[in-house]
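Chain by chain, the residues:
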Amino acid sequence: MAPEITRIETMEFEYPLEDLGTDGNGFNLVYEPGSTLQATQLALKVHTDVDVTGEYVLVTSTAPDQIETYAEYLVGKNPLKRERHWSEIKRALRKYDRMGIGPLDIALWDFAGKYYDAPIHELLGTYRTEFPAYASTYHGDENGGLDSPEAFADFAEECLEMGYRGFKIHGWGGSDEARDIQREVETVHAVGERVGDEMDLMFDPACEYETFADALKVGRACDDHEFFWYEDPYRDGGISQHGHRKLGEMLETPLLQTEHVRGLEPHADFVVNDATDFVRTDPEYDAGITGAMKVVHMAEAFGLDVEFHAPGPAHRHCIAATRNTNYYELALVHPDCDNTTPPIYEGGYSDQLEAIDENGRVEVPDGPGLGVDYDWDYIEDNLTGDVHVFD
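This structure is a prediction, so every number in the text was calculated from the model and none was measured. Position numbers for residues count from 1 along each chain, tracking the sequence in the order it is written. Given that the model is predicted, a residue must reach a pLDDT of at least 70 before its local features are reported, and side-chain atom pairs must reach 80 or more before they are shown or counted; all residues, however, enter totals for whole chains, interfaces and linings. Based on all heavy atoms of the structure, the side-chain values leave hydrogens and waters out of the count.

Novice: Sorry, what's going on with the UniProt feature "domain: Mandelate racemase/muconate lactonizing enzyme C-terminal" (unreviewed entry) in the protein here?
Specialist: The UniProt entry lists residues 149-254 under the feature "domain: Mandelate racemase/muconate lactonizing enzyme C-terminal" (unreviewed entry), expressed in the numbering used here. Working definition: helices are DSSP H or I runs of at least four residues, strands are E runs of at least two. Numbering for both runs from the N terminus. The span residues 149-254 is 49% helical and 11% strand by assignment, and the distance between its end C-alpha atoms comes to 22 Å. UniProt positions are given in the numbering used here, feature names are shortened, and annotations may be inferred rather than shown by experiment.

Written out as structure tokens, the structure reads:
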């Protein structure tokens, strides 16, 4: 008899982020010593009639309201029919951004791995089991942390000494005063001069720049130091194919786009229209492991590399099954505070700055499913009260 989903649980929990605050507009996380933010995250369980449970705890918040619209559809269904469920739910969420597909798709992959007693990367087809990581910083601050071009250069050098061979800068934002293009340019030069001969360097303004001209100025600074890529520079929100094609024509530094378009088809349109050089995907953002691997193979057909956004166990399994990729993103990191990963892992799994080995690499978990053990006591002790059961 085929397995059957009996109920689905979603649980929201909270946890503290020490020494973190927000910038002037309240949108970007920045180092703020002595401050504490309360973060919330979502945990999911897919229960079945075969005593195997698919589990996933999100790395970055997506769309829990969308999960509620289709969770009941999955109850009573075979959890192994992921492709069928993916297609039906994609159609059902056609009026939305579909970010709610990812978490449950990942939980279904976790179930499948446990059901077959194999890690997800083996079900996908393993290409490698360890891979290099790059250090991806918090945004610049004004609080004594990453508060100057020299501070970014110092941190890049520190990461190099730890073993990292890649370093990505997130510049400043939050107000017109903080968004100083000259300071961004100086940061590119400071980091490039300090470690550019020894590290692959990336720059991600996170769509802060207000004009095409500002994006061009910083991009040309990246050209001076042969940056590995330049990502989401200006206020189109990362979605203008025409704008990025024009920007790419005027720069030597490769562009990395598509973090902010959702699903397979918009990713393919970016590639076909020469609007990006590297392709960005994320199993949480792009409709799960199922959706992310479709993007991987689409890009492979065009001879392009895919770079996965953010860290996490699902991301590691995807990378382990991907030939055409270069780095694992360890984000967000800082010399004086931890990243935003909730403290929910048992057994040694970590995505903190120190998670790399001496060669700057991380490993894919090798247990069944996602291969990680969650601290469900911590999660349940810190519930916000927003718990839903679909049966």
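Novice: Help me out: how do you make sense of the pairing of strand β5 (residues 166-170) in this one?
Specialist: Taken residue by residue, a regular strand's side chains alternate between the two faces of the sheet. A simple rule labels every residue: compare its accessible area, found with a 1.4 Å probe on the protein chains alone, to the largest value its type can have, and call it buried under 20%, exposed over 50%, or partly exposed in between. With five of five residues buried, β5 is to be regarded as a mostly interior element. Side-chain alternation along β5 places G166, K168 and H170 on one buried face and F167 and I169 on a second face that is also buried. Considered for its hand, the β-α-β crossover made up of strand β4 (residues 130-139), helix α5 (residues 149-162) and β5 is right-handed. Pairing between two strands is assigned when DSSP locates at least 2 bridges connecting them. The pairing of β5 with strand β6 (residues 200-203) spans four bridges and is parallel. Residue G166 lies in a different strand from β6, and its bridge partner there is D200. The handedness rule is simple: strands pointing away from the viewer, and a clockwise path from the first strand over the helix to the second, make the crossover right-handed.

Novice: Would you mind going over empty space enclosed by the protein with me for this structure?
Specialist: Empty space among the atoms can be located by rolling a probe the size of a water molecule over them. Think of a 1 Å grid over just the protein atoms. A cavity is a set of points where a 1.4 Å probe fits yet cannot get out, a pocket is an open set with protein on both sides within 12 Å along at least five of seven lines, and lining residues have an atom within 4 Å of a point. Grid points are joined across faces, edges and corners, and a volume is the space filled by probe spheres set on the points. Taken as a whole, this structure holds two cavities of 30 Å³ or more when the rule is applied. In this model, the largest cavity occupies a volume close to 90 Å³. For the largest cavity, the lining is made up of 14 residues, of which W86, G263, L264, D286 and A287 are closest to its centre. Elements with a minimum of two residues in the lining of the largest cavity: α2 (82-92), α9 (264-272) and α10 (288-301). Of the residues that constitute the lining of the largest cavity, the class distribution is six nonpolar, two polar and six charged. Of the pockets and cavities examined, the second largest cavity occupies roughly 60 Å³. Around the second largest cavity, the lining residues are Y70, L74, R82, H85, W86, I89, I101, L104, D105 and L108. If you list the elements that add at least two residues to the lining of the second largest cavity, you get α1 (64-74), α2 and α3 (101-116). Under this grouping Gly is polar, as are all residues other than the nonpolar Ala, Val, Leu, Ile, Met, Phe, Trp, Tyr, Cys and Pro and the charged Asp, Glu, Lys and Arg. Broken down by class, the residue content of the lining of the second largest cavity amounts to seven nonpolar, one polar and two charged.

Novice: Just to check I follow, could you spell out the nonpolar core for this structure?
Specialist: Generally speaking, soluble globular proteins have nonpolar side chains that are buried together. To define a nonpolar core, start from buried Ala, Val, Leu, Ile, Met, Phe, Trp, Tyr and Cys residues and group those joined through side-chain atoms within 4.5 Å. By size, the foremost hydrophobic cluster in this structure holds 103 residues, and its most contacted members are F167 and Y230. The contact rule is simple, with two residues in contact once any of their heavy atoms fall within 4.5 Å. Residue contacts for F167: discarding those within four places in its chain leaves Y134, A135, T137, F152, F155, A156, C159, V191, M199, D200, L201 and M202. Counting residues in each nonpolar core, the second largest holds six residues, with Y134, M202, W229 and Y327 among its members.

Novice: Hey, could you run me through unusual backbone geometry in this one?
Specialist: A negative phi angle characterises most non-glycine residues, just as the trans form characterises most peptide bonds. Residues A331 and L332 are joined by a peptide bond in cis, for which omega reads -15°. The phi dihedral of D19 falls on the positive side, at around 60°, and the residue is not glycine. Tracing the sequence through the fold places D19 in strand β1 (residues 5-22). The phi dihedral of D117 is positive, around 55°, even though this residue is not glycine. Tracing the backbone shows D117 in the loop between α3 and α4 (120-124).

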